[in-house]
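A look at the structure
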Amino acid sequence: SVFPFVGYIPFGPISITIIHIPVLIGAYKYKTFGGFVMGLAFGISSFLIGVIRPQTIMDAFFINPLVSILPRVLFGTLAGLLFSLNSKDNDLFSGFICIVTTLIHTILVMSSLYMCYLPDVLNMYPGVSLISFISLFLINGLLEGIVGAIITVIVIRLIRKQRKK
């Protein structure tokens, strides 16, 4: 199967994730605790990919819970906390939360990789500078954040409509 784990799309050396979108929706609907639980599920699935069926060359690094689980739990928890501050249910602020927390998530994962595996990661890509590598991940994180914001805000609107019924 091309997509053995729903929510992860292999793309060269990295996976483009869409699994962060349910985390954002859970964080919106159930705030901090929901974000924590959904982030934990995201992290465990990332860990399992690294253990059971790595899809990209980077997935092997995600068998370390500091890389796979901790950043995802922090991401979901932070998103839930920020959504709880959005008392007026402002769509623009919700989209901003999605983009910012997704970028923070990317930075947390990159920082974990940097602290735990920098020499190994750089050896996998001879001739690629650290700046180029980080730029690739940040561009990926920004794109994931924008897609996540669009989809999450649409779902948030549907949730609000359902609440009013």
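Provided above is the structure to which this section pertains.
Let us now look at the overall build of the protein chain. Within the protein chain, the regular secondary structure consists of five helices and two strands. Written out in order from the N terminus, the α and β elements of the protein chain read β-β-α-α-α-α-α. Taking 2.2 N^0.38 as the reference for a compact globule, 165 residues should give roughly 15 Å; the C-alpha atoms of the protein chain span a radius of gyration of 16 Å, in line with that estimate. Dimensions of the protein chain along its principal axes, counting C-alpha atoms only, are 55 × 30 × 25 Å. By sequence separation, contacts in the protein chain at least 24 residues apart represent 71% of the contacts at least 6 residues apart. Accessible area for the protein chain stands at about 8600 Å²; split by element, carbon and sulfur atoms hold 75% of it. Averaging the locations of the 11 positively and 5 negatively charged side chains of the protein chain gives two centres separated by 17 Å.

Turning to the environment of Leu92, a few remarks are in order. Within the fold, Leu92 resides in helix α4 (residues 91–124). Relative accessible area serves as the criterion here: at 72%, Leu92 is assigned to the exposed category. For Leu92 and Val153, which are 61 residues apart along the polypeptide, the C-alpha to C-alpha distance reads 8.5 Å.

Moving on to the packing of aromatic side chains. Evaluated as defined, the whole model comprises four aromatic pairs. Note on Tyr28 and Phe83: the rings are 5.6 Å apart at their centroids and 85° apart in plane angle, and the pair reads as edge-to-face. Residue Tyr28 is located in helix α1 (residues 20–52), and its partner Phe83 is located in helix α3 (residues 70–85); the two are separated by 55 residues in the primary sequence. Judged by relative accessible area, which is 0%, Tyr28 ranks as buried. By relative accessible area, which is 1% here, Phe83 ends up buried.

Where α3 meets α4, the closest approach of the two axes is 9 Å, and the angle between their N-to-C directions is 160°. As the angle between them shows, α3 and α4 are arranged roughly antiparallel. In this structure, the crossing between α3 and α4 has a hand that is right-handed. From α3, Pro71, Arg72, Leu74, Phe75, Leu78, Ala79, Leu82, Phe83 and Leu85 reach across to α4, where they touch Phe93, Ser94, Ile97, Cys98, Thr101, Thr102, Ile104, His105, Leu108, Val109 and Ser112. By residue class, the composition of the contact of α3 with α4 is 14 nonpolar, five polar and one charged.

Ranked by internal contacts, the top residues of the largest apolar core, which has 14 residues, are Leu24, Tyr28, Phe42, Phe75, Ala79, Phe83 and Cys98. Elements with a minimum of two residues in this core: α1, α3, α4 and α5 (130–164). Sequence-distant contacts of Phe75, defined by excluding residues within four places in its chain, comprise His20, Val23, Leu24, Phe42, Thr101, Thr102 and His105. By size, the runner-up hydrophobic cluster in this structure holds twelve residues, among which are Phe61, Leu113, Val121 and Phe137.

Rules and cut-offs
- Residues numbered from 1 in each chain as written.
- Predicted model: local features only at pLDDT ≥ 70, side-chain atom pairs only at ≥ 80, totals over all residues.
- Heavy atoms only, no water.
- Helix = DSSP H or I, 4+ residues; strand = E, 2+ residues; numbered from the N terminus.
- Rg over C-alpha atoms; globule rule 2.2 N^0.38 Å.
- Contact = heavy atoms within 4.5 Å.
- Areas by Shrake-Rupley, 256 points an atom, 1.4 Å probe, with all protein chains shown as cover.
- Lys, Arg positive; Asp, Glu negative; His and termini not counted.
- Charge placed at Lys NZ, Arg CZ, Asp CG, Glu CD.
- Buried < 20%, exposed > 50% of the residue type's maximum accessible area, 1.4 Å probe, protein only.
- Phe/Tyr/Trp six-rings, centres within 6.5 Å; stacked < 30°, edge-to-face > 60°.
- Axes fitted to C-alpha atoms, helices over the stretch in contact; angles between N-to-C directions.
- Parallel < 35°, antiparallel > 145°, perpendicular 65-115°, else oblique.
- Left-handed = near helix turned anticlockwise from the far one by under 90°.
- Nonpolar A, V, L, I, M, F, W, Y, C, P; charged D, E, K, R; others polar.
- Core = buried A, V, L, I, M, F, W, Y, C linked by side-chain atoms within 4.5 Å.

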